[in-house]
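Architecture and fold: a report
Read off the chains here:
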Amino acid sequence: MNWYKQSREEVLKNQRTSIEKGLTDVEAYKRLKQFGSNELQEEARAGLLSKIADQFSDFLVLILIGAAIISAFIGEIRDSLVILAIVVINAALGIYQEGRAERALHELRKMTSPTAKVIRNGHMDIVPANKLVPGDLVVLEAGDIIPADLRLVESVNLKIDEAALTGESIPVEKDSSKFFKEEVPLGDRVNMAYMGTSVTYGRGKGIVVETGHNTEIGKIATMIKKIAGDPTPLQLKLNQLGKNLGSITLLVCAAVFILGLFQGRGILDMFMVAISLAVAAIPEGLPAIVTIVLAIGMNNMVKRNAIVKKLLAVETLGSTTVICSDKTGTLTQNQMTAVRIFVNNKIIEVTGVGYETYGQFKMAGKKIDVKKNLELKKLLTIGALANDARLERVDNRYKVIGDPTEGALVTLAYKGNMAKEELDNRYPRVGEIPFDSNRKMMTTFHKNYLPGKIVSFTKGAPDIVLDKCSHICIDGKLVELDEDLRSKILNVNNYFAKDALRVLALSYREFDQLPDEMSSENIEKGMIFLGLVGMIDPPRPEAKEAIKKCKEAGIKPIMITGDYKETAFAIARELNMVDSMDEVMEGKELDLISSEKLKEMAKKIKVYARVSPEHKVKIVSALKSNGEIVAMTGDGVNDAMALKKADIGISMGITGTDVAKNTAEVILTDDNFASIVSAVEEGRIIYSNIRKFVFFLLSCNIGEIIIVFASILLNLPVPLLPIQLLWLNLVTDSFPALALGVEKGDDDIMKVKPRNPEDPIIDSSMMYSIIVQSLAIGATSLLAYTWGLKAFPDNLIKARTIAFSTLILAELLRAYSSRSEKQTLFEVGIFSNPTMVYATFISFLLLLVVIYVPVLQPVFHTAALTLLDWGIIVSFVTIPLLIGEIYKVLFN
């Protein structure tokens, strides 16, 4: 129901409740049974079976399982068990790492509103928020989080911060007496209070009208579930690579099988050859290595203050081309800050960030001593005293209790070494005329400020306050406000407003005693104008540098906010996101254009203002239709649908709502926009390293295919058995591949444009290099094998051992060469990656183990080699290394 269209009396009647007594406990219990708990159900976690199924859905993994089944069918039980073991290990790694992310997220999750003050049976009680039911009468005070959707029935100077829901950075003034006949936007429903928002000022009461998934937050959460997640770029590329390798493997195996039959070889023998080829063609270690490298990246992300919920999301960050960010609390601090003052006919700049109490006052770049500037000191005093907010220090940070705008004035006083608490004690408040939205002013009365006098301090909207003033204080003198002075003050106000500053005017009036009639008409007139204070929710200091890095990296930062166009533009301009208003679009414009038009305009628009949650999804969809890889950052409920629709959703861990955290793939534990850039850098490094070890593994595997295939063509015995190829692919190659996976990123990795999302992992340049390397490795190993057959005509096992050893050493040297596609081994540095040195050393030691340990020789069908044999092998393995390095010099 549209509760905002109903009067207070209609709401009370429809909810069958009382504004004096609320519900009875018995009725509340009945309604709890009827409507259920007032909470959002967490998104169901994937069960263990579902997670296992996900891990086994990869095409390469399916081929491995098929090879294991065939091996078992033809009697090669040992080979079958080895293949299945690596598949299980890979799946276990993936499930374990994603489980760690889930546990970290669970620790971050907080209750939105654990308790609520409710009137039942005529008495106020504190109850768990999840026990609220429609019809409950909730009491609201400054600092409270709204526990459910409420239709307000009482409001006294009530202001509610709805940034989490609408993106508005300024608290909304509420009026319970109003009701509407027509449809109005969510942010303009001044007679409603919504679950998850917070009271910043005043007090009130409200009737619970919706709970749980029927609240505005709940509706958004329900809509999120309907948005299907798209596979990540790496998923698509690895799946395509797996399908290509699988197809090629099946064709080669079929061709060799038929060729062997024509040569008169037995069917069982050719089955063994086909299995050998299948094992050679598929990089069995690739799924496990991808999982491990992504897991390492996941842990690195945690060190950089980002929790990644899904392994593959790590790489997606690296391919991001657009970052869509909410403004309030993400690009800005969500802390109103006084930055400019007009007093004594002069403009003063104020330094400092947010609610931190240190800062300076400067005029023309020179620091001002507040003690020597009496008008400035008086202005700071008025701002702190005509004020109901206070600062509290929590976890070494200041937090405002009350209205953010008033919090900015309290902070401003602190910067002038004037603490509100001391001012309150020195100049006690003896009366007040509270703020209301009609007159847009607040006045307080204080004693002791002037000897024998009562002084009223007034703050409010500049045009209204100015109209109520007759004089202005300049350099300690009272000057009558003529039209020239009024015009100048209004011009300064306009100048402040053009920079999206929220401006308040401050004035005062002296009385011999506290007036008997403290009405606005009697008091707020004939006042002395003192000055203006301009405030803004400032950008995060680190956000500007982060956006600069984004641009250098070829990533387009976009602001999407529910705030006003002028405010959004001012913040974006300060962050160097935009140059002109032509790059800004409002939500109402989105409603008037087609999807195709939006798709075209999305190429140039950098700021979207006054947008709804549905608009955000449209924007993300338009960007994705242009081929962009979209990351969406945010912390509010209003961001959640777009977080789900984006390629990668990034939620804030501290200020983020549960809905946003549930939806996002990445959660920033420090709410720092700059951490996104670090995460993107980590993602790029990971993708670069994935390319390196794919480059390495495929050149090795194709080399293995060449030696097996060429031997069949030459009618030679099979040079390598399945168990040997499995050892090569799963053990020997895996250690160097992992070492490639932890390579440090290139110095310019954040200076280049994002890769084209359509580009495959293996581009044409890499393919040519793979072909050259594979031919060199395969041909060299075949030469070593034929030499072994001639040197030891009666010892096939030794000839195979020579081929096996030659292939392993050639691949270990190939690992060093794979560290760069363009730079030579000497340019990169042989020992610059210590992990690679350890990895190749371990792989070589394991080779010696399977050759010389007697109990393993029959398992791997190996024979001991002499020093002369090793000398021949070493002379062969240097050939592919030299060919690879010469190719880099000639063709890169």
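Higher on the page you've got the structure.
What comes next concerns the included structure. These figures come from a predicted structure and were not determined experimentally.

1. Section: the overall build of the protein chain
Along the protein chain, the regular secondary structure elements total 34 helices and 28 strands. Overall size of the protein chain, expressed as C-alpha extent along the three principal axes, is 120 × 70 × 50 Å. Out of the 892 residues belonging to the protein chain, those deemed buried represent 57%. A separation of at least 24 residues holds for 71% of the contacts in the protein chain among residues at least 6 apart in sequence. Working note: accessible area of the protein chain is about 37,600 Å², and carbon and sulfur atoms make up 57% of it. Placing the 102 positive and 105 negative side-chain charges of the protein chain at their respective mean positions leaves the two points 1 Å apart.

2. Observations concerning the environment of L882
Summarising the element assignment, L882 is placed in helix 34 (residues 867-891). Its relative accessible area of 51% is what places L882 among the exposed residues. Linking L882 and R814, residues 68 residues apart in sequence, is a C-alpha distance of 9.9 Å.

3. Considering the packing of helix 26 (residues 673-713) against helix 30 (residues 796-817)
Each pair of packed helices can be described by the angle between their axes along with the distance between the axes. Running from N to C, helix 26 and helix 30 cross one another at 155°; their axes reach a closest spacing of 10 Å. The orientation of helix 26 relative to helix 30 falls into the category roughly antiparallel. Here helix 26 and helix 30 pass one another in a crossing that is right-handed. Counted together, F695, F696, S699, C700, E704 and I707 of helix 26 and A803, L807, E811, R814 and A815 of helix 30 form the full contact between these two elements. Tallied by class, residues from the contact of helix 26 with helix 30 come to seven nonpolar, one polar and three charged.

4. Quick notes on the sheet that holds strand 23 (residues 556-560)
Hydrogen bonds between backbone atoms are what pair the strands of a sheet, whose relative direction is either parallel or antiparallel. Strand order in the open sheet formed by eight strands is 8-28-27-26-9-23-25-24, with mixed pairing between adjacent strands. The open sheet is flanked by strand 8 (306-308) and strand 24 (584-586), the only strands paired with a single partner. Put simply, the sheet's adjacent strands are angled 20° from each other on average, direction ignored. Where strand 8 and strand 28 (residues 666-668) come together, three bridges link them in antiparallel fashion. Across the sheet, residue V308 finds its bridge partner in strand 28, namely V666. Along the sheet, helix 23 (residues 613-625) makes contact with strand 9 (322-325), strand 23, strand 25 (607-609) and strand 26 (630-634), crossing strand 26 at roughly 155°.

5. Regarding helix 13 (residues 374-385)
If you check helix 13, its first and last C-alpha atoms are 16 Å apart, about what 12 residues at 1.5 Å a residue would give, namely 16 Å. In terms of burial, helix 13 is a largely internal element, 10 of the 12 residues being buried. Inspection of helix 13 places E375, L376, K378, L379, L380, T381, I382, G383, A384 and L385 among the buried residues, and these make up the whole buried set.

6. Quick notes on the state of the cysteines
This structure, assessed with the given rule, holds zero disulfides. There is no disulfide at C469, and the cysteine sulfur nearest it, in C473, is 12 Å away. Note on C469: relative accessible area 3%, which makes it buried. Summary of cysteine pairing: C700 is not part of a disulfide, and the nearest cysteine sulfur, belonging to C253, is at 19 Å. Judged by its relative accessible area of 0%, C700 is buried.

7. Observations concerning the packing of aromatic side chains
Applying the stated criterion across every chain, the model contains nine aromatic pairs. With a centroid separation of 4.9 Å and 70° between ring planes, the pair formed by W727 and F860 is classed as edge-to-face. With a gap of 133 residues between them, W727 in helix 27 (residues 722-732) and F860 in helix 33 (residues 857-860) connect regions that are remote in the sequence. For the pair formed by W727 and F860, the shared burial category is buried.

8. What about the side chain of T840?
Considering the arrangement of structural elements, one finds T840 in helix 32 (residues 834-852). By relative accessible area, which is 8% here, T840 ends up buried. A polar contact is formed between the side chain of T840 and the backbone oxygen of V837, at a distance of 3.1 Å. Residues within four places of T840 in sequence aside, it is in contact with P736, L812 and Y816.

9. With respect to the packing of helix 26 against helix 29 (residues 764-791)
Packing of helix 26 against helix 29 leaves a shortest axis separation of 7 Å and a crossing angle of 40°. By the angle class used here, helix 26 and helix 29 are oblique. Here the hand of the crossing between helix 26 and helix 29 comes out right-handed. Where helix 26 abuts helix 29, its residues R691, F695, L698, S699, I702, G703, I706, I707, A710 and S711 lie against M766, S769, I770, Q773, S774, L775, I777, G778, S781, L782 and Y785. Across the contact of helix 26 with helix 29, the residue classes break down as 12 nonpolar, eight polar and one charged.

10. Quick look at the pattern of salt bridges
Side chains that differ in sign of charge can pair as their charged atoms come close. Overall, the coordinates contain 34 salt bridges when judged by the stated rule. Salt-bridge contacts for R439 lead to E524; the nearest nitrogen and oxygen are separated by 2.8 Å. With R439 in the loop between strand 16 (429-436) and strand 17 (441-447) and E524 in the loop between helix 18 (520-523) and strand 22 (527-536), this pair connects stretches of sequence that are 85 residues apart. Each member of the pair R439 and E524 is classed as buried. Close ionic contact of E885 with K888 constitutes a salt bridge, the shortest N to O distance being 3.3 Å. One end of the pair, E885, and the other, K888, are both in helix 34, three residues apart, so they sit about a helical turn from each other. Each member of the pair, E885 as well as K888, is classed as buried. Among the charged side chains, a salt-bridge network with shared partners connects R340, E349, D499 and R573.

11. Thoughts on the environment of I676
Following the sequence through the fold, I676 ends up in helix 26. A relative accessible area of 1% places I676 in the buried class. With near-sequence residues (within four places) excluded, I676 lies in contact with I323, T633, I650 and L668.

12. Concerning the pairing of strand 20 (residues 477-480)
Pairing of strand 19 (residues 469-474) with strand 20 involves four bridges; the strand directions are antiparallel. Among the inter-strand pairings, H471 is bridged to a residue of strand 20, identified as E480. Linkage of strand 19 to strand 20, two consecutive antiparallel strands, is achieved through a turn of two residues, within which D475 is found at a positive phi near 55°.

13. Let's talk about the nonpolar core
Formed by 90 residues in total, the largest nonpolar core has its most connected members in F529, L532 and F693. The leading source of residues in this core is helix 26, at 16 residues. Once residues within four sequence positions are removed from consideration, F529 is found in contact with L466, C469, H471, I472, C473, L481, I489, A505, L506 and S507. Ranked by size, the runner-up nonpolar core spans 53 residues in total, among them A68, I83, I707 and I723.

14. Considering the pairing of strand 15 (residues 397-401)
Across five bridges, the pairing between strand 14 (residues 390-394) and strand 15 is antiparallel. Each bridged residue has a counterpart across the sheet, and for R393 the counterpart in strand 15 is Y398.

15. Things to note about the side chain of R814
Along the chain, R814 falls in helix 30. There is no salt bridge for the buried R814, and the closest opposite charge comes from E885, which lies 6.2 Å off by N-O distance. Filtering out sequence-adjacent residues up to four positions away, R814 remains in contact with F695, F696, S699, C700, Q773 and I777.

Conventions adopted
- Residues numbered from 1 in each chain as written.
- Predicted model: local features only at pLDDT ≥ 70, side-chain atom pairs only at ≥ 80, totals over all residues.
- Heavy atoms only, no water.
- Helix = DSSP H or I, 4+ residues; strand = E, 2+ residues; numbered from the N terminus.
- Buried < 20%, exposed > 50% of the residue type's maximum accessible area, 1.4 Å probe, protein only.
- Contact = heavy atoms within 4.5 Å.
- Areas by Shrake-Rupley, 256 points an atom, 1.4 Å probe, with all protein chains shown as cover.
- Lys, Arg positive; Asp, Glu negative; His and termini not counted.
- Charge placed at Lys NZ, Arg CZ, Asp CG, Glu CD.
- Axes fitted to C-alpha atoms, helices over the stretch in contact; angles between N-to-C directions.
- Parallel < 35°, antiparallel > 145°, perpendicular 65-115°, else oblique.
- Left-handed = near helix turned anticlockwise from the far one by under 90°.
- Nonpolar A, V, L, I, M, F, W, Y, C, P; charged D, E, K, R; others polar.
- Pairing = 2+ DSSP bridges.
- Expected span 1.5 Å × (residues − 1).
- Disulfide = S-S within 2.5 Å.
- Phe/Tyr/Trp six-rings, centres within 6.5 Å; stacked < 30°, edge-to-face > 60°.
- Polar contact = N/O pair within 3.5 Å; in protein donor to acceptor, adjacent residues only side chain to side chain.
- Salt bridge = Lys/Arg side-chain N within 4 Å of Asp/Glu carboxyl O.
- Core = buried A, V, L, I, M, F, W, Y, C linked by side-chain atoms within 4.5 Å.

Coordinates in, geometry out; function isn't part of it.
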